[in-house]
Each structure stands twice: as C-alpha cells, then as structure tokens.
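So the chains spell out like this:
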Amino acid sequence: EGWRRRLRRFGKRERRHPMRLGEIGISRKVYDRESGIMFRVAGQDHYGPGITTLLTDCVIGVRALDAAENGPEGRYPFEQSGKFGNNNYPLSNLHQWLNSREERWYHPAHERDNPPVSPYLRYGEHPYLETPGFLTGFSQTFRDSLVEVEIPVLVRTIRGKGELQTVKACAFLPSRTEMNKGDEVGVPEGKPLPLFYDPYIFKAKPSQDQLERFGRSWNPEEPEKGLFYDRAQMYDPKFGWWYYMRTPSTVYKFMVRVMSPYGSVSYTYANNDVVGLRPLVNLNADLEIVDDGIAAPRYRIG
C-alpha cells in the first residue's frame, strides 16, 4: 500500500503543469536538454519586462576575447592591439561567436580584424574559428526563446577613459558592474545582477567535460611565455578558474577585465586563449520549463 501511494504521488508530480521560466527564483538551476549546459537564474526583468537572464553555472570553455590585429600599431606601448588583440567588446571575435547560430560564424568586424586562429592567439592552444557558433548547440526551443536586447558596453576612447555604448546581443559576457565589483573608471556598465549579491557566486570551476578534455593543459606550458600577467591564471582545483568580463581595462587598448577564482578583479591580454568563458543569455520569461523533481531543484528546457 505504501509504495503504491508513493508511486501515485510521483506520477502526479511528473504530470503537473509546466512552470514558466519567469516564475523561478534567483540562483535556481536551469539546463537545456540538447546542449546539457547548466545555468543559474541571474535576474528576472533585469534587461526588460518578460526577460529572464541566465548565467552558466560553470566555466564552459576557454577562449580568447579577440585575436591580435593586422596593420600598423599606435604610437604608444599601451596601444599594441596588433600584438595582443583589442578590448573593444562590440568588435571582438568572442561577441560574434557567442551570438552566432551558424557553423561558419566569423566575418571581419573591421579592416584590421583577424580570426581566432593559433598565430594570432597568445598561446595558440585554443583556436575557435572552426568551432560552430555558440548558439548552434542548443535545442530549437531554447533558440526560439532567446531575446536580443541592447547591452551597455564600456568602450575605451583614450588612455584611462571610456564611453558607454550599446551592442545588440542575446548572449554576452557579464560586465564588472553586473558582477557587483564596482564600475570601471566610474562608468556604470548596466546594474548589478541580483545573482551577484551572493558573495561566493563569482567562483566557477570548469564543467566536468572541460576538465576531462583538457585537465591542466589549460595552463600554459611554455615558461618563457608565462609573463607576470598570466602566471596567476593557473587552474586552482580548490577555487576554480579565471574568466572574462566584457569590461575593458581602459589604460590599455588590449587589456580586458577578468574575474579571478579568489573574487578579485584583474586583467589580461585580449588574445589570451587560456581564460575561461561564463556567458549570460536572455530568454523569454514565458518559456515553459519542467521541474526535474530531484532533491536539489533544477529545471529543464526542451
């Protein structure tokens, strides 16, 4: 009798009406069935009414923000984008890749642009020109629910200064402001996401599939290339991995802000291809999701 009652209760749970994405709380886990990528709810209505913002729970890969560029350099050492890439996020390789639904995603964003292939990357270990666009791996339900909005982006103008611009995106890197880590040069790049009021949510380990594929090979193996800026960016299995923000370090044309595993804001070269990726996506809050019905609640898309 007891097991029959439990079975009936389980059956009712499975048949209950699906929930809406906009109904679940901050920090709840949501995953897409086809890609298998796990997210956390980072905000509700943060980017506009009826929009749910999700953040990947883990570092899902390593990428350079932007490849080294062609053409003549600027007059000063802090303008060397031809050696180290460009921190202008709207023109970056990574912005284009994150928002692509195509197998062949790359198109030059400006006349000096290069694709993210080994000769233009700091270590040459993780080129991604031949990797299909980020959005190709998700279910059709997920892709149909993506919402493109104007994302605020700080763009460096001259040394130590920048101006706020916008770029259209449905998938994007978090900004320093959104991660509740202050404003670069006093310019708010959006507003803090509710998820980041949790002081420990910044920690992000690589997903298990990434560890199995790369392990500690994410760490640069060539000591002569391990300059001061990169030495700290070694995988720490206790704390996690470094990952990119979309915020530039405005002193340099080629330096980009990163989040360290220890909660501090740091920076690295835009073409550093051993830095992690932890993007945000915006989805329609009316998207139906299914409760997995396990002890720690998580929800499935598709």
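Look a little higher up for the structure.
Throughout, a residue's number is its position along its own chain's written sequence, starting from 1. For this predicted model, a pLDDT threshold of at least 70 governs which residues receive local features, and a threshold of 80 or more governs which side-chain atom pairs are given and counted, while totals over whole chains, interfaces and linings are taken from all residues. The basis for every side-chain value is the complete set of heavy atoms in the structure, and neither hydrogens nor water enter the calculation.

Provide a residue-level description of the overall build of the protein chain, including the pertinent values.
Runs of H or I in DSSP of at least four residues are treated as helices and runs of E of at least two as strands, each being numbered from the N terminus. Looking only at helices and strands, the protein chain has six helices and 13 strands in total. Burial classes: relative accessible area under 20% of the type maximum marks a residue as buried, over 50% as exposed, and values in between as partly exposed (1.4 Å probe, protein chains only). Expressed as a percentage of the 302 residues in the protein chain, the buried residues total 52%. Residue-level accessible areas treat just the shown protein chains as cover; the underlying method is Shrake-Rupley with a 1.4 Å probe. For the protein chain, the accessible area works out to roughly 14100 Å², and carbon and sulfur atoms hold 50% of it.

Account for the sheet that holds strand β12 (residues 288-291), with residues named and values stated.
Across the sheet, which stays open at both edges, the eight strands sit in the order β1-β12-β13-β2-β3-β4-β11-β7 with mixed pairing between neighbours. Of all strands in the sheet, those bounded by a partner on one side alone are β1 (19-20) and β7 (171-172). Only when DSSP finds a minimum of two bridges between them are two strands counted as paired. Of the strand pairs in this sheet, strand β2 (residues 29-32) and strand β3 (residues 38-44) are connected by three bridges, and their pairing is antiparallel. Bridged to Lys29 within β3 is Arg40.

Report on the pairing of strand β9 (residues 255-259), specifying residues and quantitative values.
Of all five residues that make up β9, five are buried, and the element is covered over most of its length. Because side chains alternate across β9, one face comprises the buried residues Met255, Arg257 and Met259, and the other comprises Val256 and Val258, equally buried. The sheet contact formed by strand β8 (residues 243-248) and β9 spans three bridges and is antiparallel. For Tyr244, the partnering residue across the bridge sits in β9 and is Val258.

So, the side chain of Arg176: which residues are in play, and what are the values?
Inspection of the secondary structure assignment puts Arg176 in the loop between β7 and α5 (208-214). Those residues in contact with Arg176 that lie beyond four places of it in its chain are Lys181, Gly182, Glu184, Glu189, Met245, Thr247, Arg257 and Val265. Any two residues whose heavy atoms approach within 4.5 Å are treated as being in contact.

Before we move on, can you summarise unusual backbone geometry with the specific residues and values?
Excluding glycine, a negative phi dihedral is what most residues carry, and trans is how most peptide bonds are arranged. Positive phi values are uncommon outside glycine, yet Ser27 reaches one of about 85 degrees. Phi is positive for Asn180, close to 60 degrees, though the residue is something other than glycine. Residue position: Asn180 is located in the loop between β7 and α5. A relative accessible area of 36% means that Asn180 is categorised as partly exposed.

I'd love a proper account of the pattern of salt bridges, names of residues and values included.
When a carboxyl oxygen of Asp or Glu is within 4 Å of a side-chain nitrogen of Lys or Arg, the pair counts as a salt bridge. Counted under the stated rule, the structure contains eleven salt bridges. A salt bridge links Asp57 to Arg40; its shortest N-O distance comes to 2.7 Å. With a gap of 17 residues between them, Asp57 in the loop between β4 (51-56) and α2 (81-84) and Arg40 in strand β3 connect regions that are remote in the sequence. One network of salt bridges, with partners in common, ties together Arg20, Glu23 and Asp286.

Provide a residue-level description of the sheet that holds β8, including the pertinent values.
Read from one edge of the open sheet, three strands run β8-β9-β10, paired in antiparallel fashion. Edge positions in the sheet fall to β8 and β10 (265-269), since each has one partner strand and no second. Between one strand axis and the next, the sheet turns through 45 degrees on average, direction left out of account. Pairing analysis gives five bridges linking β9 to β10, with the strands arranged antiparallel. In the sheet register, Val258 faces β10, and the bridge partner there is Ser266. The convention used is that axes are lines fitted to C-alpha atoms, helices contributing only their stretch in contact, and that angles between N-to-C directions extend from 0 to 180 degrees.

Pulling in residues and values, what's your account of the nonpolar core?
Here, nonpolar core refers to any group of buried Ala, Val, Leu, Ile, Met, Phe, Trp, Tyr and Cys residues whose side-chain atoms link them within 4.5 Å. Among the nonpolar cores identified, the biggest contains 62 residues, and Leu98 and Phe134 are the most heavily contacted of them. Considering each element in turn, this core owes the most residues, four residues, to strand β5 (residues 149-156). Excluding its chain neighbours within four sequence positions, the residues that come into contact with Leu98 are Tyr89, Phe134, Leu135, Ala171, Phe172, Leu173, Leu277 and Pro279.

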